[in-house]
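Structural characterization, general
What follows is the residue order along each chain.
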Amino acid sequence: MNKKVAFNTKVIHGGQQPDKAYGAVMPPIYQTSTYAHSKPGMHQGYAYSRSGNPTRTALEDALASIESGTAAMVFGSGLAAIDAVMKLLKPGDVVLSTIDLYGGSYRLFKQVYEPFGIVFEFVDMTNPEKVEKAISTNTKLLWIETPTNPLLNIIDIEAMVTLAKRYDLLTAVDNTFASPYLQKPLELGVDIVMHSATKYLAGHSDVVLGALVVKEESLAKKLYFIQNASGAIAGPMDSFLTLRGIKTLAVRMQRHIENAKVIARFLQEHPKVEKVYWPGFASHPNHHIAKKQMIGFGAMLSLVLKNNTEKAAHQFLSNLKWFTLAESLGGVESLAGHPASMTHASIPQEMRVKIGVVDGLVRLSVGIEDQNDLIADLNQAL
Ligand SMILES: *Cc1c(COP(=O)(O)O)cnc(C)c1O
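A brief report on the enclosed structure follows. Note that the coordinates shown come from a computational prediction; the quantities given were computed from them, not determined experimentally.

We now examine the pairing of strand 9 (residues 300-305). Across the 6 residues that make up strand 9, a large majority, 6, are buried. Across the two faces of strand 9 the burial is the same, with Met 300, Ser 302 and Val 304 and Leu 301, Leu 303 and Leu 305 all buried. One ladder, built from 4 bridges, connects strand 8 (residues 273-277) with strand 9; its direction is antiparallel. Within the sheet, the bridge partner assigned to Lys 275 lies in strand 9 and is Val 304. Across 5 bridges, strand 9 lies against strand 12 (residues 361-365) in antiparallel orientation. Paired with Ser 302 across the bridge in strand 12 is Arg 363.

This part covers the packing of aromatic side chains. Applying the stated criterion across every chain yields a total of 8 aromatic pairs. Between Tyr 106 and Phe 122, the aromatic rings sit 5.3 Å apart at their centres with planes inclined by 45°, giving tilted as the arrangement. Of this pair, Tyr 106 sits in helix 4 (residues 103-113) while Phe 122 is found in strand 3 (residues 119-123), placing the two residues 16 residues apart along the sequence. For Phe 122, a relative accessible area of 23% gives the class partly exposed. Three or more aromatic residues joined by ring pairs form one cluster here, namely Phe 109, Phe 120 and Trp 143. Over the ring of Tyr 277 we find Lys 275, and its NZ or CZ is 4.8 Å from the ring centre.

Conventions and cut-offs
- Residues numbered from 1 in each chain as written.
- Predicted model: local features only at pLDDT ≥ 70, side-chain atom pairs only at ≥ 80, totals over all residues.
- Heavy atoms only, no water.
- Buried < 20%, exposed > 50% of the residue type's maximum accessible area, 1.4 Å probe, protein only.
- Helix = DSSP H or I, 4+ residues; strand = E, 2+ residues; numbered from the N terminus.
- Pairing = 2+ DSSP bridges.
- Phe/Tyr/Trp six-rings, centres within 6.5 Å; stacked < 30°, edge-to-face > 60°.
- Lys NZ or Arg CZ within 6 Å of the ring centre and 35° of its normal.

As far as function goes, none of this settles anything; it's purely spatial.
This is the structure we're talking about:
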């Protein structure tokens, strides 16, 4: 689809055509493992559903369109998508990543891939000089997550791309927190965009699915080869649900962002709150970078209670009514979590505290409910 087409049109029409069989406007859920051949080797583009499935293709084409890529691959989960990227590497290769990255990514890197000889180094990526110093001849990939989870630091994507070009490195951005509504890393020169589509893309907390989107054909071929050879594909039903979710991404994001802005300001003023992490504050250390590379500041925010203890955090969480205590994010419903004991429990405590994931830290995924109801809920819980 033409690049000039607006994002809120692309989410509905990007990469989509009425189904060839009966003109169905939404692609049917092709719940089939295999396809009839008219003669040996002769089929209509699909031979076996690990290699390709029309419902999955419809989602992949939509993702390529909304991320300004040329090809997408979808997987059984976000982690399966990251796993496919790691398979581009070989023993001895070094991956450089941000310190405060998603706990599951950290676990996959350290506990699954490090024993195979791939090396992971962590650096404060908000500081490009530190990143440049950490690059060695074995460095192959910059794994970038921005905004970071759960502290909402913002990494300058263009600065990372500049370094990657200078040292001939691959770049990958985990774009889960922002969604392509807010930022499009491929347009900034990044090689691979990764998504946990489980979150904003699908948007309704009813599916687990991962995606990779790329621009360059040779990279698309390598990743497609890995997807088919390793087999961690997304199924047709989950592909359908994600595609359906994407249709409302633009309108959902608008409301998510409006609500988060009001809630961030409310919490900032509250006497029981010590600190609020949200890139929309002018006082946020990377606010200017967020302004440069995103069209809004997102709907994820974290707060530290004045009473910075696990007990106080647990009490606050159990007092909440509209915010459900749960892992995950990006759904229409508001969620709240305690990173130290939930999403980030697999990061050693010493490292956790060092990066700011303290016991009194609570992460909010602001949903699209009425903002006055959400504020009243937070107020009574505090
Ligand atoms: C949830 C999440 C993942 C992992 O995705 P799954 O779909 O749960 O496997 C990766 N990165 C970020 C930032 C996430 O929030």
